[in-house]
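Residue-level listing of the chains:
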Amino acid sequence: MNIILLGPPGAGKGTQAKRLETGRGMIQLSTGDMLRAAVAAGTELGKQAKEVMDSGNLVSDDLMIGLISERLDQDDTKGGFILDGFPRTTAQAEALDVMLEQKGLELDYVIELRVDDAALVRRVVGRYTCAKCGQGYHDEFQKPKVEGVCDVCGSTEFKRRADDNAETVTSRLEAYHRQTAPIIPYYENDGKLKTVDGMAEIDEVTREIEAILG
Ligand code: ADP
Ligand code: ADP
Ligand code: ZN
């Protein structure tokens, strides 16, 4: 099964993708994570992407399309993939269709997580992850069972993303509404779109996604 998780920053794409990885053996392909790894490694791509990401704008379509096309060729995508953060523009959605066709791959569902803008700001500003294993947390909505200790790996070090601040979130939400939301009708037309209420609790959202995937 190959799917896209679509939704604004903070909608819960990463949280749900991680659960699908554990539960179904699918693999999360997060373009945001790939870009942050490139920035941390100081690669040419990272250098080109850093400023754009810090400002809350989108990295160029050409770079993103090349990145995801290469990633889809790796063997670990054979058990099913979850695109998280791609496509984000009409040009990316069109390029994805072409590359899937060329690679002989099929897209099963596009699952849109719908969340109010006001809730998104709170989600993004309170988001943090374990520095060691990457498990996601939230100051209010998803605290570790023992304060300051990762549930999964026991690490006591956590990190926050440079772009998860109130100012950048506003630009990122604007970019979502202006550049990404227009791809929703594109997937509606080909019958692949499923919309889930992303305002529900994390477990409930997981149940709804599982019901779609069957
Ligand atoms: P979020 O999880 O908050 O939706 P991401 O981690 O997916 O954010 O992306 C972080 C940043 O990386 C974006 O604000 C954008 O600058 C860049 N980025 C990620 N994916 C794409 C993409 N498909 N096209 C353009 N820019 C992207
Ligand atoms: P995205 O990948 O779409 O940007 P995340 O999965 O990183 O979003 O979620 C953003 C923040 O909101 C995280 O801190 C996460 O713990 C929290 N979160 C995710 N889903 C929910 C939910 N349904 N209700 C409340 N908080 C949530
Ligand atoms: Zn951890």
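To start, this report covers the structure provided alongside it. (Residues numbered from 1 in each chain as written. Chains lettered and ligands numbered in written order. Predicted model: local features only at pLDDT ≥ 70, side-chain atom pairs only at ≥ 80, totals over all residues. Heavy atoms only, no water.)

### A closer look at the sheet that holds strand 5 (residues 127-130)
Here comes step 1: Overall, antiparallel pairing links the 3 strands, which are arranged 6-5-7 in an open sheet. Each end of this open sheet is capped by a strand with a single partner; those strands are strand 6 (136-138) and strand 7 (158-159).
Here comes step 2: Here 3 bridges tie strand 5 to strand 6, and the two strands are oriented antiparallel to one another. Opposite threonine 129, over in strand 6, you have glycine 136 as the bridge partner. (Pairing = 2+ DSSP bridges. Helix = DSSP H or I, 4+ residues; strand = E, 2+ residues; numbered from the N terminus.)

### Things to note about the environment of glycine 12
Here comes step 1: Its location among the elements puts glycine 12 in the loop between strand 1 (3-6) and helix 1 (13-24).
Here comes step 2: Glycine 12 sits 101 residues away from leucine 113 along the chain, and the two C-alpha atoms are 7.4 Å apart.
Here comes step 3: Setting aside residues up to four positions removed in sequence, glycine 12 forms contacts with Leu113 and Arg123. (Contact = heavy atoms within 4.5 Å.)

### Focus on the site of ligand 1
Here comes step 1: By nearness alone, 19 residues border ligand 1, and Thr31, Arg36, Asn57, Gly85 and Arg172 come closest of all.
Here comes step 2: Note that a nitrogen atom of ligand 1 is positioned 2.9 Å from one of the backbone N or O atoms of glycine 85.
Here comes step 3: Arginine 172 places a polar side-chain atom, nitrogen or oxygen, 2.5 Å from an oxygen atom of ligand 1.
Here comes step 4: Coverage of ligand 1 by the protein amounts to 97% of the 560 Å² it exposes when considered alone. (Near = heavy atom within 4 Å. Polar contact = N/O pair within 3.5 Å; in protein donor to acceptor, adjacent residues only side chain to side chain. Areas by Shrake-Rupley, 256 points an atom, 1.4 Å probe, with all protein chains shown as cover.)

### Considering the pairing of strand 2 (residues 27-30)
The two faces of the sheet receive side chains in turn, since in a regular strand these alternate between them.
Here comes step 1: Side chains Ile27 and Leu29 project from strand 2 onto one buried face, and the interleaved Gln28 and Ser30 project onto a second face that is buried too.
Here comes step 2: Alignment of strand 2 against strand 3 (residues 81-84), held across 4 bridges, turns out to be parallel. Bridge assignment links serine 30 to a residue of strand 3, and that residue is aspartate 84. (Buried < 20%, exposed > 50% of the residue type's maximum accessible area, 1.4 Å probe, protein only.)

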